[in-house]
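# Per-entry structural report
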Amino acid sequence: MKIINWSELDGAARTQALQRPAAATSDNIAAAVRVIVQMVQAGGEQALFDLTEKYDGVRLRALRADAAEIAAGCAMVPAALRAAIDTAAANIEKFHAAQKPRDYTLETMPGVQCSQLWRPLGCAGLYVPGGTAPLFSTVLMLGIPAQIAGCAARVLCTPPQKDGGINPAILYAAQRCGIETIYKIGGAQAIAAMAYGLGGVPKADKVFGPGNAYVTAAKQWVAQDPSGAAIDMPAGPSEVMVLADGGADARFIAADLLSQAEHGRDSQVFCCVTDAALAQDIQQAVDAQLADLPRKDIAAEALAQSRIVVVGDMKEAIGIANGYGPEHLIVQCAGAEEIVPHIRNAGSVFVGAWTPEVVGDYASGTNHVLPTYGAARAIGGLGVASFMKSMTVQQLSREGLAALGPVVATLAEAEQLSAHGRAVTIRLSAEGEKPCAKRA
């Protein structure tokens, strides 16, 4: 990791220091994704078989996992891992159940009743990465809130293993969430299959889930197509930012940085420290811990694009964090909980030395599907409401329209929309009549 001093950088250099790695190649990625999506649209199931062979290195006999394969996979999961998944699922269920939106009705004025009602999505398309690391935890993060929301159908796509199967833990987590429709499709082609309902995959109303830069680009592509599908957010390559003062433990910070760097070569880890000596200690701790990581080659490539920034004080560090809008933000400083009210832009915040980011990845109860690429400046992470939509209802009595109607007519006249006003006045002139009465 490169150490830089924030005070020595001009505006352009600061912008460059905060650039996401994947952003530099975004045009190339978008072009490649466009080709893949168009291949799936033109070739359907055959294109999905061909693309799976090309990108996952396996020629499948069937895209969908049948009941026997799912049962066999679940049986392979060790008891200790099943118990851990069950505990994580229970915490996620508890936290997300409290999020479920409630319908409400109120009178805005006498005789004018307004309501907001929530309805679940019809079909939720769930994408679970499974390339270099099978993220069975993501199954819980997607499947549980979708289940709580009451989605009528949930379709899961995940890349196959080299043997043509699906990681058993992914299958067990899916079973734990009641998901039965599972396809062995990964990458941009999986997003296309769910968004357009191709290759036997049911068409999703909305596509959810994190992924690499190609998956993120595919989600953005289908969201712009009227015949495609809505998406949850641009949840791309993993990223973390740490804010720390001189009292922080460099070993803890290094472990947190590496936990995200090992996700993928395009991950970004970033650290803002108020102490130059701590920056050196973190750099040394990262190198020491990296040496024995099984995924050290992946982590090392991500670290090559990452930074440790020395800032003047914690106020400056907070300003950088709010400007960057990290997916994960770790605060390790004196009075860390006092920093939280000043954080405006972050997907999820981890407060204090005893709160590693990985607890949120797996089992604290919060969701790990979070906005990346700075999207945290405008949107939040995944929740139950993400799998639902609201609609409003209004009902007026004759007295209510008599009171509100003249207001509406005046507003319509001012906007020169005569028919709008007439829709009110024609009713007000029908006083004494029963326009909705059944005719003989």
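Scroll up to find the structure this text is about.
The structure contained in this document is the topic of the report that follows. Small disclaimer: the values here were computed from a predicted structure and weren't measured. (Residues numbered from 1 in each chain as written. Predicted model: local features only at pLDDT ≥ 70, side-chain atom pairs only at ≥ 80, totals over all residues. Heavy atoms only, no water.)

### Describing the environment of L117
By the element assignment, L117 lies in strand β3 (residues 112-120). Separated by 276 residues in sequence, L117 and V393 place their C-alpha atoms 7.5 Å apart. (Helix = DSSP H or I, 4+ residues; strand = E, 2+ residues; numbered from the N terminus.)

### Some words on the sheet that holds strand β6 (residues 181-183)
Sheet architecture is open: 5 strands sit in the order β6-β5-β4-β7-β8, paired in parallel fashion. Strands at the two margins of the open sheet, each flanked by one partner only, are β6 and β8 (230-231). Two strands pair when backbone bridges link them, and strand β4 (residues 123-127) and strand β7 (residues 206-208) are joined in this way by 3 bridges, in the parallel orientation. Paired with L126 across the bridge in β7 is F208. (Pairing = 2+ DSSP bridges.)

### What to know about the packing of aromatic side chains
For the coordinates displayed, the defined rule picks out 3 aromatic pairs. Note that R20 overlies the ring of Y324, its terminal NZ or CZ placed 3.6 Å from the centroid. (Phe/Tyr/Trp six-rings, centres within 6.5 Å; stacked < 30°, edge-to-face > 60°. Lys NZ or Arg CZ within 6 Å of the ring centre and 35° of its normal.)

### Regarding the sheet that holds strand β2 (residues 104-109)
In space, the 3 strands of this open sheet follow the order β2-β3-β14, with antiparallel pairing throughout. Two strands lie at the open edges of the sheet, namely β2 and β14 (388-396), each paired on one side alone. Across the sheet, the axes of successive neighbouring strands diverge by a mean angle of 25°, strand direction being ignored. With 5 bridges joining them, β2 and β3 adopt antiparallel strand pairing. When the sheet's bridge partners are listed, M109 is paired in β3 with V112. (Axes fitted to C-alpha atoms, helices over the stretch in contact; angles between N-to-C directions.)

### Regarding the environment of K206
Looking at the secondary structure, you find K206 in strand β7. For K206, a relative accessible area of 16% corresponds to the buried category. Counting along the chain gives 17 residues from K206 to A223, while the straight-line C-alpha distance between them is 8.8 Å. Apart from the residues within four sequence positions on either side, K206 is in contact with L121, C123, A124, G125, A229, A230, I231, D232 and S386. Polar side-chain contacts of K206 include one of 2.9 Å to the backbone oxygen of S386. (Buried < 20%, exposed > 50% of the residue type's maximum accessible area, 1.4 Å probe, protein only. Contact = heavy atoms within 4.5 Å. Polar contact = N/O pair within 3.5 Å; in protein donor to acceptor, adjacent residues only side chain to side chain.)

### Some points on the pairing of β4
Among the 5 residues of β4, 5 are classified as buried, and the element is accordingly described as predominantly covered. In β4, alternate side chains face the same way, and those of C123, G125 and Y127 on one face and A124 and L126 on the other are all buried. When β4 meets strand β5 (residues 153-157), the two strands line up parallel, connected through 5 bridges. Counted as the bridge partner of G125 is V155 from β5.

### Some details on helix α14 (residues 398-414)
Over its 17 residues, α14 runs 24 Å from end to end, which matches the ideal 24 Å to within 8%, given 1.5 Å per residue. A maximum bend of about 40° is found in α14 at L404, where proline P406 lies one to four positions downstream. Where α14 is concerned, the buried positions are G400, L401, G405, A409 and A412. Its buried side turned inward, α14 meets β3, β14 and α15 (418-428). The first or second residue beyond α14 is Q416, which carries a positive phi of 60°. (Expected span 1.5 Å × (residues − 1). Bend = angle between axes of the 7 residues up to and from the residue.)

### Some details on the nonpolar core
Soluble globular proteins: nonpolar side chains tend toward being buried together. In this structure, V139, L140, I179, I182, F208 and F387 are the most contacted members of the largest nonpolar core, which totals 40 residues. Contributing elements (two or more residues each) for this core: α3 (67-75), α4 (79-97), β4, α5 (136-149) and α6 (168-176). Ranked by residue count, the leading element in this core is α5, at 7 residues. If near-sequence neighbours (up to four positions away) are discounted, I182 is found in contact with L63, R64, A65, I70, L156, I166, L171 and A174. Among the nonpolar cores identified, the runner-up in size contains 36 residues, and I29, L51, C157 and A192 belong to it. (Core = buried A, V, L, I, M, F, W, Y, C linked by side-chain atoms within 4.5 Å.)

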